[in-house]
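# Fold and geometry: a report
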Amino acid sequence: MSPIKSTLILILALISTNVYSQYTDVINSNRPGVSRSAFSVGTKVAQFEVGPYILKEERTPATSYKISGFGVDFAARYGLLFEELELNIEGNYQNDKETSPPVLSPDGKRSNFKSITFGAKYLVYDPYKKSEEDQPDLYSWKANHSFKWKSLIPAVAVYAGANFDTKDNPYTAVGIEGFSPKIMVATQNNFPGGWVFVMNFIKDRIGTNQSDFSYILTLTHSFNPQWVIFGETQGIKSDFYADNLFRFGGAYLWSRDFQLDTGLTFNTKDTPSVFSVNFGMSYRLDFHKDKIIEKDIDNGTSVEDEGERRANRKGKNRKKKKDDDSDEDKPKKKQKREEIDFGSN
């Protein structure tokens with residue numbers, strides 16, 4: 001089999017996968033930003049995301065506290081039962097110290113989970129689930145990369161979870177303890193040219209003294225299959241804490257199941273000012289089997305055979321159209337020939 005033919009069959013196989021599931025051929029991580037994609041990781045896929053960071057906070061005037069420390073963000077995700085469903089656990093652990101006169105604790109040190117949440121996300125609307133007839137044109141780069149108005153319609157997912165906060169946690173408001181609900185709506189637009197726009201609207205620790213509302217807007221752009229950059233803004237509002245944070249960074253796809261990333265976080269106020277640098281990684285254990293592949297195997301048809309069948313069918317349609325055009329031209333050619341013969345007499 002020629003390399004061109006093999007490549008064509010592989011593309012068709014990947015297209016088939018995207019038609020019937022959310023699973024992607026390469027890892028799809030929420031990192032390096034903090035927003036959550038509308039899509040799940042895919043059934044029978046276990047994915048782990050972790051990112052250590054260093055942090056510095058300083059409140060003006062300089063006589064107020066200065067905090068420096070480190071922490072780690074982590075998440076474990078698993079696709080269960082349905083392509084649209086994902087179960088996950090997410091959290092953030094931090095250890096820091098106040099370098100000015102201590103007011104937070106006797107020795108100025110703090111350490112605890114800033115958050116740890118168990119939850120489930122479900123895709124309720126997917127505008128990218130297309131029929132076989134609505135697939136990308138393998139013969140036209142322009143057709144596949146031109147702007148389409150329907151790309152403005154986002155995929156929408158809903159999330160419900162529960163936070164767990166320990167007693168006397170220095171990172172939460174006084175009185176916060178035990179479980180509290182968290183809900184989220186996540187949307188995602190995939191635009192031509194490698195652009196993706198994600199929005200999250202979150203209500204956290206519902207019913208407590210620290211009932212936060214936050215939004216996250218994330219824009220990513222992939223230059224090629226391995227490199228991606230992102231920009232993100234996050235707004236947080238509650239009686240306990242309010243801020244507007246900005247993040248920039250990028251990620252590198254090391255292999256189809258492993259990603260490295262880095263990013264910067266900062267804000268524009270001084271009560272306190274925030275600056276942090278993070279480095280992270282994402283890895284997945286992929287046991288996914290797509291339904292269309294299982295169906296083809298049950299019918300005794302391989303993915304390559306399915307790809308060839310579709311390619312041949314599309315080729316026949318193009319040939320038929322060409323033949324039809326030729327048939328339409330035959331009377332004109334005959335008429336022209338007769339006119340020439342008549343003129344020669």
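Figured I'd write up the structure that's included with this text. Everything numeric in this text was worked out from a predicted model, so none of it was measured. (Residues numbered from 1 in each chain as written. Predicted model: local features only at pLDDT ≥ 70, side-chain atom pairs only at ≥ 80, totals over all residues. Heavy atoms only, no water.)

### Quick notes on the side chain of Gln188
As for its placement among the helices and strands, Gln188 is situated in strand E6 (residues 178-191). Given the relative accessible area of 7%, Gln188 is considered buried. At 3.2 Å, the side chain of Gln188 and the backbone nitrogen of Ala38 are in polar contact. A polar atom in the side chain of Gln188 sits 3.0 Å from the side chain of Asn190. In contact with Gln188, other than residues within four places in its own chain, are Ser37, Ala38, Phe39, Tyr128, Pro154, Ala155, Val196, Phe197 and Val198. (Helix = DSSP H or I, 4+ residues; strand = E, 2+ residues; numbered from the N terminus. Buried < 20%, exposed > 50% of the residue type's maximum accessible area, 1.4 Å probe, protein only. Polar contact = N/O pair within 3.5 Å; in protein donor to acceptor, adjacent residues only side chain to side chain. Contact = heavy atoms within 4.5 Å.)

### Digging into the pairing of strand E10 (residues 243-255)
With ten bridges connecting them, strand E9 (residues 227-237) and E10 associate as antiparallel partners. Bridging from a neighbouring strand, Phe230 pairs with Gly249 of E10. Where E9 folds back onto E10 in an antiparallel hairpin, the turn is made up of five residues. Summarising the sheet, E10 and strand E11 (residues 258-267) pair through ten bridges and their orientation is antiparallel. (Pairing = 2+ DSSP bridges.)

### Considerations on the sheet that holds E9
Read once around its circumference, the closed barrel built from twelve strands follows the order E1-E2-E3-E4-E5-E6-E7-E8-E9-E10-E11-E12, with strand pairing classed as antiparallel. The sheet shows a mean angle of 20 degrees between the axes of neighbouring strands, direction not considered. One ladder, built from twelve bridges, connects strand E1 (residues 45-58) with strand E12 (residues 273-286); its direction is antiparallel. Bridge pairing in E12 links Glu58 to Ser273. (Axes fitted to C-alpha atoms, helices over the stretch in contact; angles between N-to-C directions.)

### Regarding the packing of aromatic side chains
The final tally for this structure, using the stated rule, is eight aromatic pairs. An aromatic cluster is present here, built from Phe74, Tyr93 and Phe113 joined pairwise through their rings. (Phe/Tyr/Trp six-rings, centres within 6.5 Å; stacked < 30°, edge-to-face > 60°.)

### A short note on the environment of Val277
Residue placement: Val277 occurs in strand E12. Taking C-alpha positions, Val277 is 5.5 Å from Tyr53, a pair spaced 224 residues apart along the chain. Beyond its immediate chain neighbours, meaning those up to four positions away, Val277 contacts Pro52, Tyr53, Ile54, Gly263 and Leu264.

### Quick look at unusual backbone geometry
Looking along the chain, the bond that leaves Arg31 and enters Pro32 is cis, with omega of 10 degrees. Among the structural elements, Pro32 can be located in the loop between helix H1 (3-20) and E1. With a phi angle near 60 degrees, Lys44 is a residue other than glycine that sits in the positive phi range. Structurally, the position occupied by Lys44 is in the loop between H1 and E1. The residue Arg205 is not glycine, and still its phi comes out positive at about 50 degrees. By the secondary structure assignment, Arg205 is in the loop between strand E7 (195-204) and strand E8 (212-222). For Arg205, a relative accessible area of 4% translates into the label buried.

### What to know about the pattern of salt bridges
It is possible for side chains bearing opposite charge to pair when their charged atoms get close. What the rule picks out here adds up to twelve salt bridges. Its salt-bridge partner being Lys121, residue Glu86 comes within 4.0 Å of it at the nearest N-O pair. One end of the pair, Glu86, is in strand E3 (residues 85-98); the other, Lys121, is in strand E4 (residues 109-125), with 35 residues separating them in the sequence. You'll find Glu86 and Lys121 in the same group, each marked buried. Of the charged contacts, one joins Arg110 and Asp96 as a salt bridge, the two residues approaching to 3.0 Å between their closest N and O atoms. Of this pair, Arg110 sits in strand E4 while Asp96 sits in strand E3, placing them 14 residues apart in sequence. In this structure, Arg110 and Asp96 share a single accessibility class: buried. Each of Asp25, Arg256, Asp257, Arg284 and Asp286 takes part in one network of salt bridges that share partners. (Salt bridge = Lys/Arg side-chain N within 4 Å of Asp/Glu carboxyl O.)

### What about the nonpolar core?
Counting six residues, the largest nonpolar core consists of Ala38, Phe39, Leu123, Tyr128, Ala155 and Ala157. Core analysis: the second largest hydrophobic core is formed by five residues, Tyr159, Ala186, Ile202 and Ile216 among them. (Core = buried A, V, L, I, M, F, W, Y, C linked by side-chain atoms within 4.5 Å.)

### Looking at the environment of Phe230
On the secondary structure map, Phe230 appears in strand E9. Assessed through its relative accessible area of 7%, Phe230 is described here as buried. Taking C-alpha positions, Phe230 is 5.6 Å from Leu219, a pair spaced eleven residues apart along the chain. In this structure Phe230 touches Pro32, Gly33, Thr218, Leu219, Thr220, Arg247, Phe248, Gly249, Gly250 and Thr262, once residues within four positions along its chain are discounted.

### Side note on the environment of Gly231
With respect to the secondary-structure elements, Gly231 resides in strand E9. Spatially, the C-alpha atoms of Gly231 and Phe246 are 7.6 Å apart, while their sequence positions differ by 15 residues. Not counting chain neighbours up to four residues away, the residues in contact with Gly231 comprise Leu217, Thr218, Leu219, Arg247 and Phe248.

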